[in-house]
Amino acid sequence: MRMLRLGGASLLAALALGAPAPAETWQPQTESPMWAKTREQLTQSGDLPARPWLFMEGLHTPALRAGEYLADPTRTRMGVEFDGALLIQKKDADNWAVRLVRMRALCNQQRLQRLSAQGTWVDYVGRDGTSAKVQWICGLQRPG
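Since the structure is predicted, the reported quantities are computational estimates derived from the model, not experimental observations.

Calculation notes
- Residues numbered from 1 in each chain as written.
- Predicted model: local features only at pLDDT ≥ 70, side-chain atom pairs only at ≥ 80, totals over all residues.
- Heavy atoms only, no water.
- Helix = DSSP H or I, 4+ residues; strand = E, 2+ residues; numbered from the N terminus.
- Expected span 1.5 Å × (residues − 1).
- Contact = heavy atoms within 4.5 Å.
- Pairing = 2+ DSSP bridges.
- Axes fitted to C-alpha atoms, helices over the stretch in contact; angles between N-to-C directions.
- Disulfide = S-S within 2.5 Å.

Attention now goes to helix α2 (residues 33–45). For α2, which comprises 13 residues, the first-to-last C-alpha distance of 18 Å matches the rise-based estimate of 18 Å (1.5 Å per residue) to within 8%. Turning to α2, the residues buried within the fold contact β1 (54–60), β2 (64–75), β3 (79–90) and β4 (97–106). Positive phi shows up at Gly 46, right after α2, with a value of about 90°.

Next up, the structure:
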């Protein structure tokens with residue numbers, strides 16, 4: 001679910017002044033009971049490390065179910081680094097696959113990158129809304 005938050009006054013001012021309208025504000029989806037149960041089962045089995053995972057998005061298609069999670073966001077000089085987890089179940093499969101990846105949001109560039117197996121940062125191929133998601137990640141407060 002995507003939410004559009006536009007203040008009436010700021011939208012009117014943007015239109016009157018010819019400035020671009022404010023971009024949509026991305027928010028994580030609410031973790032459904034199905035995703036919570038899947039995450040808990042994968043944690044109990046040891047396939048997903050036990051930590052406070054934040055549900056970001058879920059996808060359900062006839063061929064695939066996939067859920068994205070984020071954990072341990074840490075501010076760095078470049079932006080915010082975090083652990084990502086992708087839970088994937090392909091059509092007609094009983095088991096879930098878990099992909100763990102170290103990622104970072106480059107706040108000034110509105111880009112996501114992932115840490116490659118060779119230890120270098122490479123651009124994470126974006127989808128619609130990546131810039132808004134990066135903006136949200138960069139707005140995360142430090143725990144504590």
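Attention now goes to the sheet that holds strand β5 (residues 111–115). Across a sheet, strands are paired by hydrogen bonds formed along the backbone, either parallel or antiparallel in direction. Read from one edge to the other, the open sheet built from 6 strands follows the order β1-β2-β3-β4-β5-β6, with strand pairing classed as antiparallel. The sheet is open, and its two edges are formed by β1 and β6 (121–123), each paired on a single side. Taking the axes of each pair of neighbouring strands and ignoring which way they run, one obtains an average angle of 30° across the sheet. In this structure, β4 lies alongside β5, joined through 4 bridges in antiparallel fashion. Across the sheet, the residue bridging to Ala 105 is Leu 112, located in β5. Relative to the sheet, α2 contacts β1, β2, β3 and β4, its axis offset from that of β2 by approximately 70°. Where helix α3 (residues 130–138) meets the sheet, its contacts fall on β1, β2, β3, β4 and β5, and the angle it forms with β1 comes to roughly 160°.

Per the counting criterion, the structure on display carries 1 disulfide. Across the disulfide from Cys 107 sits Cys 138; the S-S distance is 2.0 Å. In this structure the cystine formed by Cys 107 and Cys 138 twists about its S-S bond by roughly -100°; its chirality is therefore left-handed. Here Cys 107, found in the loop between β4 and β5, pairs with Cys 138, found in helix α3; they are 31 residues apart in sequence, far enough to count as distant.

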